[in-house]
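Single-letter residue listing:
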Amino acid sequence: MIFMAIAMGCNVGCAVIISQLFGAKRYQEMKTAVSTTLIASFVLSLLFYAKGVWKTKGMRS
């Protein structure tokens, strides 16, 4: 549950930045922010997945 809360917080923060850039019509910077957000979310998801798998394997033993 904590992983979901962290992920939601990061994505909401990124959405604020993207919305501000969109409102200012700074589309190139907005595209960069969107791609950075997607990459960061993917990497964090992989890290959280790996940690979750690692922790649950330790509990089964």
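For the structure itself, consult the block above.
Parameters and conventions
Residues numbered from 1 in each chain as written. Predicted model: local features only at pLDDT ≥ 70, side-chain atom pairs only at ≥ 80, totals over all residues. Heavy atoms only, no water. Helix = DSSP H or I, 4+ residues; strand = E, 2+ residues; numbered from the N terminus. Buried < 20%, exposed > 50% of the residue type's maximum accessible area, 1.4 Å probe, protein only. Disulfide = S-S within 2.5 Å. Contact = heavy atoms within 4.5 Å.

Attention shifts here to unusual backbone geometry. In this model, Lys25 sits at a positive phi of 60°, which is unusual for a non-glycine residue. Within the secondary structure, Lys25 sits in the loop between helix H1 (2-23) and helix H2 (27-60). What makes Lys25 exposed here is its relative accessible area of 62%.

Across all of its chains, the model carries 0 disulfides by this definition. Free cysteine Cys10: the closest other cysteine sulfur is in Cys14, separated by 6.7 Å. Taking relative accessible area as the criterion, Cys10 reaches 34% and is therefore assigned partly exposed.

The next point concerns the environment of Phe48. Mapped onto the elements, Phe48 comes out in helix H2. A relative accessible area of 22% places Phe48 in the partly exposed class. When neighbours within four sequence positions are excluded, Phe48 is seen to be in contact with Phe3 and Ile6.

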